[in-house]
Amino acid sequence: MTSRTDRSPPASSSTHSAPCFWGVDVGGTNIKIGLVDNQGKTVAFESIATEDPAGAGGAINRAAETCRKLAQAANVPLSGVVRAGLGTPGPMSLAEGKLLNPTNLPGWHNFSVRKALETALDKPVSYINDANAAALGESWVGAGKGHRGLAFFTLGTGVGGGLISEGQLINGVNSFGSELGHIVVDSRRDARLCVWGGGQGQLEAYASASAVSAQAKLGLAAGVESSLRNLIPPASAGQNPHDFEITAKEVHEAAVAGDSFALKVIDEAAFYLGIGVTCAVHAIDPGLVLLGGAMNFGGQQCAVGRRFLQGVVDEFERRTFANVFAGTKIDFATLGGDAGYIGAAAVAKQDFENK
């Protein structure tokens, strides 16, 4: 599994189409920053650590300094960069430009992140949910280019999403639009809990890397035969399933080697993702569904990845209408980890052109 495609962004490029935009994609571990031109080309790129001794403000100041360094490295004057786009995980208030209580950014709660970056850069900043940004990036220059509609699922530790209908990103009244990971796919009273806690029966409890890991551990704890058992330290055998770790990457590797239990875990994730895809398509009928994020099981280049995708397609076909199935394409996204900062730059471009 990979979180990026092979198309790594350049350190710097001397040719670009003016004006330029900064795209800043804040994650729990890293902040990806790209200088992107008017055609969606990455002119310069750098990733920095999110954690900062000075807290959220210090991280934003370092991000702003990195933005300026990228412009300098690419010989783009600061006057040629007209706006920045900022993507962060939710929950958030887009209207206030504020992070509320993101689980993977505990030191950033109730932080006015947009204002902080505007002050540090002395430039206007557009604010967007990180998964929505990734959807916009794919729509601009990725696998969604040329499509007016898109349902985008990001599969990682959790499940994020982005919905674009008739060319418009769906942000929602409460800045919660397009949260596809929180679609309910299991209504039973004993359904699994969301990976971040709270929500029950929601997609990310069934089709995220955390969910794949959890189901593998539960199966092993119950005595299922699998080569994954070789990864458990001897002292952990027979203990509580949470006392040892099996990652989604390890499940993928076992599946590639032909492990039937690992394949079963992946097939189950595809089954529930197919339900989620059906819900999204029946809501907005986008014509295109893309699967992005780190958990792609090797994508089109791997037999397990192709099997995973086909499982999603098969479940969607079983649950939808014949004409809707015929008119909907489901595939892997192509921008990998670049989609977030490119999409953040895209929303900056949109706002610049509209205002």
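Scoring rules and cut-offs
Residues numbered from 1 in each chain as written. Predicted model: local features only at pLDDT ≥ 70, side-chain atom pairs only at ≥ 80, totals over all residues. Heavy atoms only, no water. Pairing = 2+ DSSP bridges. Helix = DSSP H or I, 4+ residues; strand = E, 2+ residues; numbered from the N terminus. Expected span 1.5 Å × (residues − 1). Buried < 20%, exposed > 50% of the residue type's maximum accessible area, 1.4 Å probe, protein only. Contact = heavy atoms within 4.5 Å. Phe/Tyr/Trp six-rings, centres within 6.5 Å; stacked < 30°, edge-to-face > 60°. Axes fitted to C-alpha atoms, helices over the stretch in contact; angles between N-to-C directions. Parallel < 35°, antiparallel > 145°, perpendicular 65-115°, else oblique. Nonpolar A, V, L, I, M, F, W, Y, C, P; charged D, E, K, R; others polar. Salt bridge = Lys/Arg side-chain N within 4 Å of Asp/Glu carboxyl O. Core = buried A, V, L, I, M, F, W, Y, C linked by side-chain atoms within 4.5 Å.

A.B. asks: Could you clarify how one ought to interpret the sheet that holds strand S9 (residues 159–165) in this entry?
C.D. replies: Backbone-to-backbone hydrogen bonds pair the strands of a sheet. The strands run either parallel or antiparallel. In space, the 5 strands of this open sheet follow the order S10-S9-S8-S11-S12, with mixed pairing throughout. Sheet topology places strand S10 (168–169) and strand S12 (329–332) at the edges, where each strand pairs with a single neighbour. Pairing geometry for strand S8 (residues 150–155) and S9, over 6 bridges, is antiparallel. Within S9, the residue paired with Leu-150 across the bridge is Ile-164.

A.B. asks: How do you make sense of helix H10 (residues 339–354) when you look at a structure like this?
C.D. replies: Note that an α-helix has 3.6 residues per turn; residues three or four places apart therefore point the same way. With 16 residues, H10 extends 22 Å between its outermost C-alpha atoms, agreeing within 8% with the 22 Å of an ideal straight helix rising 1.5 Å per residue. Summarising burial for H10: 12 of the 16 residues are buried, a large majority. Every buried residue belonging to H10 is among Ala-339, Gly-340, Tyr-341, Ile-342, Gly-343, Ala-344, Ala-345, Ala-346, Val-347, Ala-348, Lys-349 and Asp-351, and all of these are buried. Residues of H10 that are buried sit in contact with strand S1 (20–26), strand S2 (30–36), strand S3 (42–49), strand S4 (81–88), strand S7 (125–129) and helix H3 (130–141).

A.B. asks: Even after reading the chapter, I still don't get the packing of aromatic side chains, so can you show me in this structure?
C.D. replies: What characterises a pair of aromatic rings is the spacing of the ring centres plus the angle enclosed by the ring planes. Throughout the structure, instances matching the rule amount to 7 aromatic pairs. Geometrically, the ring pair formed by Phe-45 and Tyr-341 is tilted, given 5.1 Å between the ring centres and 40° between the ring planes. Here Tyr-341 lies in helix H10 and Phe-45 lies in strand S3, a separation of 296 residues in the sequence. Here the two residues Phe-45 and Tyr-341 agree in accessibility, since each one is buried. Ring geometry for Phe-316 against Phe-325: centres 5.9 Å apart, planes inclined by 45°, an arrangement best described as tilted. When its relative accessible area of 0% is taken as the criterion, Phe-316 is described as buried. Pairwise contacts between aromatic rings join Tyr-206, Phe-271 and Tyr-272 into one cluster.

A.B. asks: Where do I start with the sheet that holds S3 in this structure?
C.D. replies: The strand order across the open sheet built from 5 strands is S3-S2-S1-S4-S7, with neighbouring strands paired in mixed fashion. Two strands bound the open sheet, and with one partner strand each, they are S3 and S7. With strand direction ignored, the average angle separating the axes of adjacent strands in the sheet is 15°. Packing against the sheet, H10 makes contact with S1, S2, S3, S4 and S7, and its axis sits at approximately 135° to S1.

A.B. asks: So what exactly am I meant to see when it comes to the packing of H3 against H10 here?
C.D. replies: A pair of packed helices can be characterised by two numbers: the angle between their axes and the separation between those axes. Direction vectors running N to C along H3 and H10 enclose 80°, while the axes themselves pass 6 Å from each other. On the basis of their axis angle, the class for H3 and H10 is roughly perpendicular. Residues Ala-133, Ala-134, Leu-136, Gly-137, Glu-138, Trp-140 and Val-141 of H3 touch H10, and the partners they reach there are Ala-339, Gly-340, Ile-342, Gly-343, Ala-344, Ala-345, Ala-346, Val-347, Lys-349 and Gln-350. For the contact of H3 with H10, the per-class residue count stands at 11 nonpolar, 4 polar and 2 charged.

A.B. asks: Honestly, the pattern of salt bridges in this entry has me stumped. Any pointers?
C.D. replies: Pairing between side chains of opposite charge can happen when the charged atoms of each approach one another. Counted according to the given criterion, the structure contains 10 salt bridges. Arg-318 serves as the salt-bridge partner of Glu-315, at 3.0 Å between the closest nitrogen and oxygen. Of this pair, Glu-315 and Arg-318 are both found in helix H8 (residues 303–319), 3 residues apart, which corresponds to roughly one turn of the helix. Judged by relative accessible area, Glu-315 falls into the buried class, the value being 8%. A relative accessible area of 58% places Arg-318 in the exposed class. Salt bridges here are not isolated pairs; linked through shared partners, they connect Glu-315, Arg-318 and Arg-319.

A.B. asks: Is there a simple way to think about the nonpolar core in this case?
C.D. replies: Nonpolar side chains tend to gather and get buried jointly when the protein is soluble and globular. Phe-153, Leu-228, Val-251, Leu-273, Val-277, Leu-291 and Phe-308 are the most contacted members of the largest nonpolar core, which totals 53 residues. Per element, the largest residue contribution to this core is 14 residues, and it comes from helix H7 (residues 260–284). Grouped together as the second largest cluster of nonpolar side chains are 36 residues, Cys-20, Cys-67, Ala-116 and Tyr-127 included.

A.B. asks: It is not clear to me how unusual backbone geometry should be interpreted in this structure. Could you clarify?
C.D. replies: Among all residues save glycine, negative phi is the norm, and among peptide bonds the norm is trans. A cis amide bond links Ala-18 to the next residue, Pro-19, at an omega of -5°. With respect to the helices, strands and loops of the structure, Pro-19 is situated in the segment before S1. Cis peptide bonds are those with omega within 30 degrees of zero, and the linkage from Gly-90 to Pro-91 qualifies with 0°. Positionally, Pro-91 belongs in the loop between S4 and strand S5 (92–93). Despite not being glycine, Asp-122 shows a phi value in the positive range, around 60°. If you trace the backbone, Asp-122 turns up in the loop between helix H2 (113–121) and S7. Unlike most non-glycine residues, Ser-178 shows phi in positive territory, near 75°.

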